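Here are the chains, one letter per residue:
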Amino acid sequence: MPRTPASSEEEEGGRGSEYPEGDSDSGSEGPPNPGPPRTRGPPRPPPAPDDAHFSRMVFRIGIPDLHQTKCLRFDPGAAVWAAKQQLLCALTEGLHDGLNYGLFQPAAAGRDAKFLDEERPLRDYPQSFDQGVPYLEFRYKTRVYKQTNLDEKQLAKLHTKTGLRKFLDYVQHGSAEKVARLLDRGLDPNYHDSDSGETPLTLAAQREGPAEVEIIRLLCLGGAHLDFRARDGATALHRAVCTRRYPALLALLDLGGSPNYKDRRGLTPLYHTAMVGGRPPLLRACCSTTARTSAPSTRTAGVPGTVTLSTWSICCSTGAEAAAQNASGNTALHICALYNK
């Protein structure tokens, strides 16, 4: 069992030594000099709280795949994604496909188990010290089952190589009824195609045809994580904007997806929207759902040869900073001047 780390800060008491009050018999002649009367004043106020303590959140994090436990402090205003990157940097061993690991909150006190949303700040998940330092796990993202009576043998039959291949075929061909039936039986849609590296959700985000939006909805309601990444690090939202699938993008955003998800290079769907030509409907969809258009991770939307005046006007009208700099320190104006755009 991992031990709960001891606190790094000890509180020192402010009490002095107490002596009995009585007559002193030192053998000297004459009445003793009582000195000034001692009065017991009000209790000393407790020390002022350390602001730094309240500006940090402490979690004990178990990593089952590495058989490790770490106790780390996080900025409560930072997104869960930033906390995940901090944890990955603190690990002494690497994790295969670390981008698809997530902070997991086990079920407790009537609360369902869940993976923390990567785009929400940590302060949205309040701590409870009733049982010591709050505990989270760092797990590979899989479907979180609400049922308690799962048939392990049935699940094993669903997750054979042949079964998973058939499921991908159903997704690609828009067979909504077959997709729904397998999900109802407990299939976990968070996996990679052995050939293409795509996930069922990233495939669904690129397809065009019957039940285009229905397949996406079924996958998400059936346990697919919106931020589960394909082997190249792209989420379903990245795939939707890169293939210009406007209905798929809207469906993913309506289901709770974020335009601020990062791919392996730290680029967001909004950035990729500009790279593929910046179609106004795609840009408006991303910018109208709290996309951080001026965030450093989004970079400057000055992509040589692809950004149109329409792209520029939409980005700026929805809060993009024209003076935002990319990793090299250049603004969009610098890029436009460099490439005569």
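Peer 1: Now, about the overall build of the chain: what can you tell me, with residues and values included?
Peer 2: A tally of regular secondary structure across the chain gives 13 helices and five strands. Expressed as a percentage of the 341 residues in the chain, the buried residues total 42%. Put simply, of all contacts in the chain between residues at least 6 apart along the chain, 68% involve residues at least 24 apart. About 20300 Å² of surface is accessible on the chain, with carbon and sulfur atoms providing 51% of the total.

Peer 1: Any chance you could break down the confidence of the model for the chain for me, citing the residues and the numbers?
Peer 2: For the chain, the average pLDDT comes to 77, and 66% of its residues sit at 70 or higher. For the stretch residues 1–30, pLDDT sits under 50, and the model shows twelve contacts to residues farther than four places along the chain or on other chains. Across residues 293–306, where pLDDT falls below 50, the model places 39 contacts with residues more than four positions away in sequence or in other chains.

Peer 1: Could you give an account of the pattern of salt bridges, naming the residues involved and the relevant values?
Peer 2: Counting across every chain of the model gives 13 salt bridges. The salt bridge partner of Lys-84 is Glu-118, with a shortest N-O separation of 2.6 Å. With a gap of 34 residues between them, Lys-84 in helix 2 (residues 80–90) and Glu-118 in the loop between strand 4 (114–115) and strand 5 (135–140) connect regions that are remote in the sequence. Grouping residues by exposure puts Lys-84 and Glu-118 together as buried.

Peer 1: Summarise the sheet that holds strand 4; cite the residues concerned and give the values.
Peer 2: Spatially, the five strands line up as an open sheet ordered 2-1-5-3-4, and their pairing is mixed. Either end of the sheet is taken by a strand with one partner, and the two such strands are strand 2 (68–74) and strand 4. Looking at chain direction, strand 3 (residues 101–105) and strand 5 are connected through four bridges and run antiparallel. When the sheet's bridge partners are listed, Phe-104 is paired in strand 5 with Glu-137. Of the strands in this sheet, strand 1 (57–63), strand 2, strand 3 and strand 5 are in contact with helix 2, which crosses strand 2 at around 130°.

Peer 1: How would you summarise a positive patch on the surface if you had to cite specific residues and measurements?
Peer 2: Residues Lys-153, Lys-157, Lys-178, Arg-181 and Arg-185 make up a contiguous surface patch of positive charge. Contributing elements (two or more residues each) for the positive patch: helix 3 (152–158) and helix 5 (176–184). In this fold, Arg-181 is placed in helix 5.

Peer 1: Can you tell me about the environment of Thr-273, naming the residues and giving the values?
Peer 2: Structurally, Thr-273 is set in helix 10 (residues 269–275). Taking the C-alpha atoms as reference, Thr-273 lies 9.4 Å from Thr-243; in sequence the two are 30 residues apart.

Peer 1: Please give an account of the packing of helix 4 (residues 161–172) against helix 5 that cites residues and values.
Peer 2: Contact pair helix 4 / helix 5: the axes reach a minimum separation of 8 Å and the direction vectors enclose 140°. Classified by the angle between their axes, helix 4 and helix 5 sit oblique to one another. In the crossing of helix 4 with helix 5, the sense of the turn from one axis to the other is left-handed. On helix 5, the residues touching Phe-167, Tyr-170 and Val-171 of helix 4 are Lys-178, Val-179, Leu-182 and Leu-183. For the contact of helix 4 with helix 5, the class distribution of residues is six nonpolar, no polar and one charged.

Peer 1: Report on the packing of aromatic side chains, specifying residues and quantitative values.
Peer 2: For the coordinates displayed, the defined rule picks out five aromatic pairs. Between Phe-59 and Phe-74 the ring centres are 6.4 Å apart and the planes differ by 45°, which places this aromatic pair in the tilted class. Placement of the pair is Phe-59 in strand 1 and Phe-74 in strand 2, with a sequence separation of 15 residues. Accessibility classification places Phe-59 together with Phe-74 in one group, the buried group. Ring pairing ties together the aromatic residues Tyr-101, Phe-138, Tyr-140 and Phe-228, which thus form one cluster.

Parameters and conventions
Residues numbered from 1 in each chain as written. Predicted model: local features only at pLDDT ≥ 70, side-chain atom pairs only at ≥ 80, totals over all residues. Heavy atoms only, no water. Helix = DSSP H or I, 4+ residues; strand = E, 2+ residues; numbered from the N terminus. Buried < 20%, exposed > 50% of the residue type's maximum accessible area, 1.4 Å probe, protein only. Contact = heavy atoms within 4.5 Å. Areas by Shrake-Rupley, 256 points an atom, 1.4 Å probe, with all protein chains shown as cover. pLDDT = per-residue confidence, 0-100. Salt bridge = Lys/Arg side-chain N within 4 Å of Asp/Glu carboxyl O. Pairing = 2+ DSSP bridges. Axes fitted to C-alpha atoms, helices over the stretch in contact; angles between N-to-C directions. Patch = residues over 30% accessible without salt bridge, like charges linked within 9 Å, V, L, I, M, F, W, Y side chains within 5 Å. Lys, Arg positive; Asp, Glu negative; His and termini not counted. Charge placed at Lys NZ, Arg CZ, Asp CG, Glu CD. Parallel < 35°, antiparallel > 145°, perpendicular 65-115°, else oblique. Left-handed = near helix turned anticlockwise from the far one by under 90°. Nonpolar A, V, L, I, M, F, W, Y, C, P; charged D, E, K, R; others polar. Phe/Tyr/Trp six-rings, centres within 6.5 Å; stacked < 30°, edge-to-face > 60°.

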